[in-house]
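# A look at the structure
Given next are the chains, with one letter for each unit.
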Amino acid sequence: MHSLETIQSRRALLKAALVMGSGAVVSACASRTITTAMAPAPVPVPTPVAAIPKAPELAAARVPGVPQGVRPDLFKKALAALNRHSMRIPSHDRIAIADFATSSNNPRFHVVNLGSGQVEHFLVAHGIGSDPEHSGMLQRFSNEVNSEATCEGAFLTADYYIGKHGDSQRLLGLDPTNNNALDRAIVVHSAWYANADMIGKHGKLGRSQGCFAVGETELAKLFEQLGPGRMIYSAKV
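What you are looking at is a predicted structure, and each value in this text was computed from that prediction instead of being measured.

Attention now goes to the overall build of the chain. Within the chain one finds six helices and eight strands. In the chain, buried positions account for 42% of the 237 residues.

What follows is the structure, encoded as structure tokens:
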């Protein structure tokens, strides 16, 4: 038989061990919490809304023909891209199409309302690496880091931020041809070399480092039209 004193002593030791064990668990969780809190914050990405079956097709069906000023074959490819990436693109009411088959002196960035068929056209610059001779025509696309070239494919518009070019919008590349867009900091921003007066002076716009650069007075209007959670489709053929 153990004495009462021995039993009480063992209970005290057991209680102390449990308290120490609890402290160790709390400390470990706190450590993990601190580590998580200090980790770099991910780029905010619009949360996809509940999918509506055949949403892109329904939106496209309401368009009264091909929007004015947009090449029919390119418009068809853009709608196919919207359909292909529909689960990753929250908003299907408007899309943007960058038509790099034409010169930079033409308004080749089209924001299309798929419900009404209305379209807004903007001047947009292409990358230095896409036009080394500065001819005004995009010669090639590239997805390579440091290429300073424009890349092709479907992009998802993400969050706004203020960077070296002022107000800007991050883009996420959805295709193998542009999936380095975030690492390359391919964004939408404004620039003096994309202003309309460049055409009168030089017959073409200046070149970006691969970003979709628009005129300084046009950016706010473009942001209002496009917003986060929509698709930009960039192509030439």
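After that view of the structure, there is still more to cover.
Let's shift gears to the nonpolar core. Ranked by internal contacts, the top residues of the largest apolar core, which has 22 residues, are Phe100, Phe109, Phe155, Val188, Phe212, Leu222 and Ile232. Elements with a contribution of two residues or more to this core: strand 1 (94-99), strand 2 (109-113), strand 7 (212-214) and helix 6 (219-226). Looking at this core element by element, the count peaks at four residues for helix 6. Listed in part, the 20 residues of the second largest apolar core include Leu82, Ile97, Leu114 and Ala158.

A separate point is the side chain of Asn195. Tracing the sequence through the fold places Asn195 in the loop between strand 6 (187-190) and helix 5 (197-202). Here Asn195 is in contact with Leu205, Gly215 and Glu216, once residues within four sequence places are set aside.

Looking at the chain as a whole, its pLDDT mean stands at 81, while 73% of the residues score no less than 70. Contacts of residues 1-62 to residues separated by more than four positions or lying in other chains number 31 contacts, the stretch itself having pLDDT below 50.

Two strands pair when backbone bridges link them, and strand 2 and strand 3 (residues 119-122) are joined in this way by four bridges, in the antiparallel orientation. By the bridge assignment for strand 3, Phe109 is matched with Phe122. Hairpin connection between strand 2 and strand 3: a loop of five residues separates the two successive antiparallel strands, and Gly117 in this loop has a positive phi of roughly 85°.

A separate point is the layout of surface pockets. The space that makes up the largest pocket amounts to roughly 300 Å³. Residue lining of the largest pocket: 20 residues in total, with Lys164, Arg184, Ala185, Gln209 and Cys211 positioned closest to the centre. The set of elements that each furnish at least two residues to the lining of the largest pocket consists of strand 4 (153-163), helix 4 (181-184) and strand 6. Of the residues assigned to the lining of the largest pocket, the class counts are seven nonpolar, eight polar and five charged.

Considering all chains together, one arrives at seven salt bridges under this definition. In this structure, Arg71 and Asp99 form a salt bridge, with 2.8 Å as the shortest nitrogen-oxygen distance. Of the two residues, Arg71 sits in the loop between helix 2 (55-61) and helix 3 (72-84) while Asp99 sits in strand 1, which places them 28 residues apart along the sequence. You can call Asp99 buried: its relative accessible area is 6%. Salt-bridge contacts for Asp93 lead to Arg230; the nearest nitrogen and oxygen are separated by 2.7 Å. Here Asp93, found in the loop between helix 3 and strand 1, pairs with Arg230, found in the loop between helix 6 and strand 8 (231-235); they are 137 residues apart in sequence, far enough to count as distant. Owing to a relative accessible area of 33%, Asp93 belongs among the partly exposed residues under this scheme. Because the salt bridges share partners, they merge into one network encompassing Arg71, Asp73 and Asp99.

Turning next to the packing of aromatic side chains. According to the stated counting rule, one finds six aromatic pairs in the structure shown. Look at Phe100 and Phe212: their rings are 6.3 Å apart centre to centre, the planes differ by 35°, and that puts the pair in the tilted class. Placement of Phe100 in the loop between strand 1 and strand 2 and of Phe212 in strand 7 is noted, with a sequence separation of 112 residues between them. Under the relative-accessibility criterion, Phe100 is labelled buried at 0%. Geometrically, the ring pair formed by Tyr160 and Phe223 is tilted, given 4.7 Å between the ring centres and 55° between the ring planes. Here the residue Tyr160 occupies a position in strand 4, and Phe223 occupies one in helix 6, the gap between them amounting to 63 residues. Three or more aromatic residues joined by ring pairs form one cluster here, namely Phe100, Phe109, Phe141, Phe155 and Phe212. Over the ring of Tyr161 we find Arg170; its NZ or CZ atom is 4.2 Å from the centre of that ring.

Moving on, we come to the sheet that holds strand 3. Strands in a sheet are paired, the pairing made by backbone hydrogen bonds, and the direction either parallel or antiparallel. On the basis of which strands lie adjacent, the open sheet formed by eight strands has the order 3-2-1-8-4-5-6-7 and mixed pairing. Two strands lie at the open edges of the sheet, namely strand 3 and strand 7, each paired on one side alone. On average, adjacent strands in this sheet sit at an angle of 25° to one another, irrespective of strand direction. Here four bridges tie strand 4 to strand 8, and the two strands are oriented antiparallel to one another. Paired with Gly153 across the bridge in strand 8 is Ser234. Across the sheet, helix 3 lies against strand 1, strand 2, strand 4 and strand 8, angled at about 135° from strand 8, the strand it touches most.

So, how was this worked out
Residues numbered from 1 in each chain as written. Predicted model: local features only at pLDDT ≥ 70, side-chain atom pairs only at ≥ 80, totals over all residues. Heavy atoms only, no water. Helix = DSSP H or I, 4+ residues; strand = E, 2+ residues; numbered from the N terminus. Buried < 20%, exposed > 50% of the residue type's maximum accessible area, 1.4 Å probe, protein only. Core = buried A, V, L, I, M, F, W, Y, C linked by side-chain atoms within 4.5 Å. Contact = heavy atoms within 4.5 Å. pLDDT = per-residue confidence, 0-100. Pairing = 2+ DSSP bridges. 1 Å grid on protein atoms, 1.4 Å probe; cavity = no way out; pocket = protein on both sides within 12 Å on 5 of 7 lines; lining within 4 Å. Points joined across faces, edges and corners; volume = space filled by probe spheres on them. Nonpolar A, V, L, I, M, F, W, Y, C, P; charged D, E, K, R; others polar. Salt bridge = Lys/Arg side-chain N within 4 Å of Asp/Glu carboxyl O. Phe/Tyr/Trp six-rings, centres within 6.5 Å; stacked < 30°, edge-to-face > 60°. Lys NZ or Arg CZ within 6 Å of the ring centre and 35° of its normal. Axes fitted to C-alpha atoms, helices over the stretch in contact; angles between N-to-C directions.

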